[in-house]
Amino acid sequence: MSCCSLNWSTIGATLGGLAVILGAFAAHGIDGYFAEKYAGQVKKVTGVEVPAAQKYLNDFKTGAQYQMYHSLALLAVGFAGITSRKQKLLNIAGWCFLLGIIFFSGSLYVLTLSGQTFWGAIAPIGGTLLIVGWFTLAAGICSCGGGSTTFTDGPETPAST
């Protein structure tokens, strides 16, 4: 296993575990904090006024969900590093996913816990990084182009190596 794959897999697994913790926190503990902090406040969601506590709880859960999805993507980066010769692309994908989690999910956590809405301006940067990460991962695992992989009788299987 290459250094690249080991590091991204470890980071992905760690962030995945943290996403479970944060998701459980959102499901079983933070609702009271939000109810108290945002008592009487409302936010507009799709033109409808909803309690701010409800909106922020949903936003916090969204941060945890996206953190989990992209933790799994980091695992994919690590596993792809075992066979792919496109380590540079995989490292770019890994960094995009890691920074995307920090900027997207992190800004949602900070926004909801602090109530400082300017943090919401950071989320699109993270979202863009997550999108770039997916396309870069696709390029890193693609066997087309670059001439680094040759198939003679079809795909290589574990038994044929």
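Just so it is clear, the structure is predicted and the values come from calculations on it, not from any experiment.

### Points about the packing of aromatic side chains
Thought 1: Counted according to the given criterion, the structure contains 11 aromatic pairs.
Thought 2: Measuring from centroid to centroid gives 6.1 Å for Phe25 and Phe60, while their planes differ by 65°, and the two rings are edge-to-face. With Phe25 in helix H1 (residues 3-28) and Phe60 in helix H3 (residues 52-83), this residue pair connects regions lying 35 residues apart in the sequence.
Thought 3: The exposure class of Phe25 is partly exposed, given its relative accessible area of 41%.
Thought 4: We classify Phe60 as buried; its relative accessible area is 1%.
Thought 5: Three or more aromatic residues joined by ring pairs form one cluster here, namely Phe25, Tyr33, Phe34, Tyr38, Tyr56, Phe60 and Tyr109.

### What about the pattern of salt bridges?
Thought 1: The full count for this structure, using the stated rule, is one salt bridge.
Thought 2: For Lys55, the salt bridge is made with Asp59, and the minimal N-O distance between the two is 2.6 Å. Separated by four residues within a single helix, Lys55 and Asp59 lie in helix H3, roughly one turn from each other.

### Digging into the packing of H3 against helix H4 (residues 87-114)
If you want to describe how two helices pack, look at the angle between their axes and the distance between the axes.
Thought 1: Where H3 meets H4, the closest approach of the two axes is 9 Å, and the angle between their N-to-C directions is 165°. On the basis of the axis angle, H3 is roughly antiparallel to H4. Taken as a pair, H3 and H4 cross one another with a handedness that is left-handed.
Thought 2: A class-by-class count of the residues in the contact of H3 with H4 yields 18 nonpolar, 10 polar and one charged.

### Observations concerning the pairing of strand E2 (residues 48-51)
Thought 1: The pairing of strand E1 (residues 42-45) with E2 spans four bridges and is classified as antiparallel. When the bridges of E2 are listed, Lys44 appears paired with Glu49.
Thought 2: Hairpin remark: E1 followed by E2, antiparallel, with two residues in the connecting loop; positive phi at Thr46, about 50°.

Reading the values: rules and limits
- Residues numbered from 1 in each chain as written.
- Predicted model: local features only at pLDDT ≥ 70, side-chain atom pairs only at ≥ 80, totals over all residues.
- Heavy atoms only, no water.
- Phe/Tyr/Trp six-rings, centres within 6.5 Å; stacked < 30°, edge-to-face > 60°.
- Helix = DSSP H or I, 4+ residues; strand = E, 2+ residues; numbered from the N terminus.
- Buried < 20%, exposed > 50% of the residue type's maximum accessible area, 1.4 Å probe, protein only.
- Salt bridge = Lys/Arg side-chain N within 4 Å of Asp/Glu carboxyl O.
- Axes fitted to C-alpha atoms, helices over the stretch in contact; angles between N-to-C directions.
- Parallel < 35°, antiparallel > 145°, perpendicular 65-115°, else oblique.
- Left-handed = near helix turned anticlockwise from the far one by under 90°.
- Nonpolar A, V, L, I, M, F, W, Y, C, P; charged D, E, K, R; others polar.
- Pairing = 2+ DSSP bridges.

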